[in-house]
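Breakdown of the fold
Here is how the chains run, residue by residue.
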Amino acid sequence: MATGSLSIDLDALMRNWQALNKATGENVETAAVVKADGYGLGAGRAARALARAGARRFFVAVAEEGAALREVLGRGPEIYVFGGHMPGDTDMINDLDLIPMLNSLNQLTRHFEALPGAPFGIQLDTGMNRLGMEPSEWAAVAEIALPAGPKLIMSHLACADEPDHPQNAQQLATFREMTDGIDVPRSLSATGGILLGPDYHFDLTRPGIGLYGGMPFENAEPVAHLSLPVIQTRELEPGESAGYGASWVTDKPAVLATVAGGYADGLIRAMSNKAMLFFEGTPCPIVGRVSMDLITVDITHLNTTPKSLDILGVDQSVDDLADAAGTIGYEILTSLGSRYKRRYAGGVS
Ligand SMILES: *Cc1c(COP(=O)(O)O)cnc(C)c1O
């Protein structure tokens, strides 16, 4: 087998959800964000495991993701769509019981006209300037929206992964100004906001990345374990190079392993000459450029020829790998390609 093996630990996923759930008070519900195919790890499998752990509300980015999720979860769990009610979504929202987070008067009008009486939530913009109604729009829309009984009012923090960033407190204050006194469940926090403390928790939290083992949830357990088979090894003389552009040249005798996996599999080119793979805990640096399907790794210091090398798991978190490549764990996970042999472990009650 010459493709990488991506093993997804559903028990760790469930424990991460439980740990984030414990980080908030008894009256605070913990939902689960499974957009972008469950951060690249499989929305269906992830959501089923999270439902077993206790999650009752799920969030996706677009209606199509919600429709696919409904097939897997069946009736019961609530599925919210951050993108709201877009033109063409009406049948999906109606037939599959999706709850759009309405982001504008325009979306609210569309929803009320197309599906009168159907459930909805409201998304407010408290300073991120991405999605949701700004204070002036909300001031005008609230009197139309509130009598129809929204299921949830939410906003999203732009800087929650930096606890000292002044925008956190600003957005919190704006959210309070926009929603205090309204008798509708409120939600402000994703993973980062949960860690900012109880002022940020309101009635419901919406963690994503922390469930999947990523920062800013420092105590997250790794969920994705990725190992890449060694296809070939070779010995280099001093002065020889490896890979496209001969970007790495050895000054001493070296042994290289070529593993199956490359930028077409989400192991981005920025990892070239920067990131590490691991053999039983021993780091082995990527040398030369990452190519589409292959990576060359320096294994000179190993006293054995490994059958495979690990790139994600206990030795290296998604954030360690992301740091080496100048990106974030979210991007590493959601870029993982379709060529891996995926295995799911645990998750059954
Ligand atoms: C993606 C997203 C989340 C989850 O964020 P994490 O940082 O992954 O926990 C929550 N709310 C909204 C609006 C999002 O877009």
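Source: prediction; values computed, not measured.

Take V72: it is sitting in helix α4 (residues 63-73). Taking the C-alpha atoms as reference, V72 lies 21 Å from N16; in sequence the two are 56 residues apart. Ignoring any residue separated from it by four or fewer positions in sequence, one finds V72 in contact with G44 and R48.

We now examine the UniProt feature "active site" (unreviewed entry) in the protein. Per the UniProt record, "active site" (unreviewed entry) is annotated on K35 and Y244. Considering the C-alpha atoms alone, the annotated residues occupy 210 residues of sequence and remain spread out, their largest mutual distance being 35.5 Å. One can find K35 in helix α2 (residues 35-39). Those residues within four positions of K35 in sequence are excluded, and the remaining contacts are F59, V60, A61, E65 and F82. Note on placement: Y244 falls in the loop between β12 (241-242) and β13 (248-249). Sequence-distant contacts of Y244, defined by excluding residues within four places in its chain, comprise R289 and S291.

Time to look at helix α6 (residues 105-114). Every buried residue of α6 is listed here: Q107, L108 and H111. Axial view of α6: buried residues confined to an arc of 100 degrees, hence all on one face. Away from the buried face of α6 by more than 90 degrees, exposed residues N106 and E113 are located. Here the buried face of α6 lies against α5 (90-95), β6 (98-102), β7 (121-123) and α7 (135-145).

Mapped onto the fold, A220 is located in the loop between β10 (204-205) and β11 (224-236). As a C-alpha pair, A220 and I328 span 108 residues in sequence and 15 Å in three-dimensional space.

Another point: the pattern of salt bridges. For the structure on display, the rule yields ten salt bridges. A salt bridge links D265 to R339; the shortest N-O distance between them is 2.9 Å. Remark: R339 occurs in the loop between α11 (329-335) and β19 (341-345) and D265 occurs in the loop between β14 (254-260) and β15 (276-279); sequence separation between them is 74 residues. Look at D265 and you get buried, because its relative accessible area is 3%.

The next thing to look at is the UniProt feature "binding site: substrate" (unreviewed entry) in the protein. Mapped onto the present numbering, the UniProt feature "binding site: substrate" (unreviewed entry) falls at R130 and M292. For the annotated residues, spread through 163 residues, the largest C-alpha to C-alpha distance comes to 33.5 Å, inconsistent with a single compact locus. Within the element layout of this structure, R130 appears in the loop between β7 and α7. With residues up to four places along the chain from it excluded, the contact list for R130 reads D125 and H156. Following the sequence through the fold, M292 ends up in the loop between β16 (282-285) and β17 (294-298).

Given 3.6 residues per turn, any residue in an α-helix points the same way as the ones three and four places further on. Three or more residues of α7 are buried, namely W138, V141, A142 and A145. Summarising the axial view, the buried residues of α7 lie within an arc of 125 degrees, below the 170-degree limit, and thus occupy one face. Structural note: α7 exposes S136, A139 and E143 on the side pointing more than 90 degrees away from its buried face. Elements that come into contact with the buried residues of α7 comprise α6, β7, β8 (153-154) and α8 (166-179).

So, how was this worked out
Residues numbered from 1 in each chain as written. Predicted model: local features only at pLDDT ≥ 70, side-chain atom pairs only at ≥ 80, totals over all residues. Heavy atoms only, no water. Helix = DSSP H or I, 4+ residues; strand = E, 2+ residues; numbered from the N terminus. Contact = heavy atoms within 4.5 Å. UniProt positions renumbered as here; feature names shortened; annotations may be inferred. Buried < 20%, exposed > 50% of the residue type's maximum accessible area, 1.4 Å probe, protein only. Arc of directions from axis to C-beta. Salt bridge = Lys/Arg side-chain N within 4 Å of Asp/Glu carboxyl O.

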